[in-house]
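Residue strings, one per chain:
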Amino acid sequence: MRCSGLPGVMNYFEYFSEIEERFSRRRGSLLLLSTLDWALIETWREAGVPLEVVLRGIDDAFDKHDAKLLRAKGRMRKVNGLAWCAQAVMQAAEDMAEAATGSAKPEAREGVSSGFEAARVARFLEESAKAVSEAGGADEARLETSRRLRELAAAMREVEPMPLDELDRTLTVLEEKLFAALMASAPEQEIVALREQADRELAPYRARMSVVQLRQVQTQFLQKRLLEARRLPRLSLFYMGHE
């Protein structure tokens with residue numbers, strides 16, 4: 001399912017950090033999100049689920065949990081992963097889609113204070129190109145990716161820069177192609193081990209997630225670990241927020 005309502009240009013860092021903060025606050029104690037949790041957030045972002053809908057789903061899940069906790073007099077296990085909220089988030093997204101029929105799209109939040117000024121985006125692309133060229137694995141695809149990133153950086157320095165939503169779609173395609181090359185060149189044992197790890201971490205949440213969602217999270221998990229192992233950067237504009 002792809003939901004309408006997510007602005008074409010948004011502060012991706014805010015999307016991730018707000019979800020992390022809300023989950024930790026409702027849980028009642030700080031819990032660093034796992035690779036699996038971050039992969040799940042990425043599936044929501046890529047599906048176009050608005051931030052407010054994810055937060056509403058987290059609140060709904062914890063509201064129900066807190067009510068059960070009262071009835072059980074504190075004898076329930078503590079929530080230890082964001083995937084526990086996945087079903088509630090999807091329900092909130094479906095409710096929003098039904099309620100939003102005929103409503104107008106919100107305006108994109110692009111502007112001077114967006115954090116995505118053309119010059120800053122160009123620097124991010126140039127730094128990413130350098131990091132990709134110096135990393136390991138999938139040599140041909142890696143060098144081609146680095147070349148395209150430098151071209152995109154130059155496009156962002158033009159009088160009329162490339163639209164940010166178009167740029168981020170292009171970056172997503174570049175990352176997917178690089179990931180495909182990494183998958184093709186990675187040792188079989190490495191892929192098997194990563195899939196086994198993803199299966200172990202997902203096991204407690206399978207009943208709360210659809211087959212499609214499980215597959216998306218597994219792919220995100222595998223992609224994230226392969227890129228990290230080779231010191232390759234993520235290319236989405238979201239990762240500018242970590243500077």
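Draft legend 1. Main features of the overall build of the chain. Helix and strand counts for the chain stand at 9 helices and 0 strands. Ordered by position in the sequence, the α and β elements of the chain form the string α-α-α-α-α-α-α-α-α. A total of 243 residues make up the chain; the buried ones form 44% of that total. Across the chain, the fraction of contacts at a sequence separation of at least 24, relative to all contacts at a separation of at least 6, is 79%. Surface exposure of the chain reaches about 13100 Å², of which carbon and sulfur atoms provide 52%.

Draft legend 2. Here's a closer look at the packing of aromatic side chains. According to the stated counting rule, one finds 4 aromatic pairs in the structure shown. Summarising the aromatic geometry, the rings of Phe62 and Trp84 are spaced 5.3 Å apart at their centres and angled 55° between planes, so their arrangement reads as tilted. Taken together, the positions of Phe62 in helix α3 (residues 51-71) and Trp84 in the loop between α3 and α4 (86-99) put the pair 22 residues apart, joining distant regions of the chain. A residue is classified by how much of its surface remains accessible, and Trp84, at 15% relative accessible area, is buried. Aromatic ring contacts, followed pair by pair, group Tyr15, Phe16 and Trp38 into a single cluster.

Draft legend 3. Broad picture of the side chain of Asp37. For Asp37, the location among the structural elements is in helix α2 (residues 35-46). An unpaired buried charge is present at Asp37: no salt bridge exists, and Arg27, the closest side chain of opposite charge, is 8.8 Å distant. Beyond its immediate sequence surroundings of up to four residues, Asp37 is in contact with Gly81, Leu82 and Ala83.

Draft legend 4. Structural context of the pattern of salt bridges. According to the stated counting rule, one finds 16 salt bridges in the structure shown. Between Arg26 and Asp59 there is a salt bridge whose closest N-O contact spans 3.0 Å. With Arg26 in helix α1 (residues 12-27) and Asp59 in helix α3, this pair connects stretches of sequence that are 33 residues apart. Asp59 shares its class with Arg26; the two are buried. One connected set of salt bridges, linked through shared partners, spans Arg22, Arg26, Asp59, Asp63 and Asp66.

Draft legend 5. Representation of empty space enclosed by the protein in the model. Scanning all chains against the criterion turns up 1 cavity of 30 Å³ or more. Space inside the largest cavity adds up to approximately 60 Å³. Glu42, Arg45, Glu46, Leu171, Thr172, Glu175, Arg234, Leu235, Ser236 and Tyr239 together form the lining of the largest cavity. Elements with a minimum of two residues in the lining of the largest cavity: α2 and α7 (164-185). The class makeup of the residues in the lining of the largest cavity is 3 nonpolar, 2 polar and 5 charged.

Draft legend 6. Structural context of the packing of α2 against helix α9 (residues 211-229). Running from amino to carboxyl end, α2 crosses α9 at an angle of 120°, the nearest separation of the two axes being 8 Å. Here α2 is positioned oblique relative to α9, judged by the angle of their axes. The element α2 and its partner α9 pack so that their crossing is right-handed. Note on element contacts: α9 touches α2 through Gln213, Gln216, Val217, Gln220, Phe221, Lys224 and Arg225, opposite Thr35, Leu36, Trp38, Ala39, Leu40, Glu42, Thr43, Trp44 and Glu46. Tallied by class, residues from the contact of α2 with α9 come to 7 nonpolar, 5 polar and 4 charged.

Conventions used here
- Residues numbered from 1 in each chain as written.
- Predicted model: local features only at pLDDT ≥ 70, side-chain atom pairs only at ≥ 80, totals over all residues.
- Heavy atoms only, no water.
- Helix = DSSP H or I, 4+ residues; strand = E, 2+ residues; numbered from the N terminus.
- Buried < 20%, exposed > 50% of the residue type's maximum accessible area, 1.4 Å probe, protein only.
- Contact = heavy atoms within 4.5 Å.
- Areas by Shrake-Rupley, 256 points an atom, 1.4 Å probe, with all protein chains shown as cover.
- Phe/Tyr/Trp six-rings, centres within 6.5 Å; stacked < 30°, edge-to-face > 60°.
- Lys, Arg positive; Asp, Glu negative; His and termini not counted.
- Salt bridge = Lys/Arg side-chain N within 4 Å of Asp/Glu carboxyl O.
- 1 Å grid on protein atoms, 1.4 Å probe; cavity = no way out; pocket = protein on both sides within 12 Å on 5 of 7 lines; lining within 4 Å.
- Points joined across faces, edges and corners; volume = space filled by probe spheres on them.
- Nonpolar A, V, L, I, M, F, W, Y, C, P; charged D, E, K, R; others polar.
- Axes fitted to C-alpha atoms, helices over the stretch in contact; angles between N-to-C directions.
- Parallel < 35°, antiparallel > 145°, perpendicular 65-115°, else oblique.
- Left-handed = near helix turned anticlockwise from the far one by under 90°.

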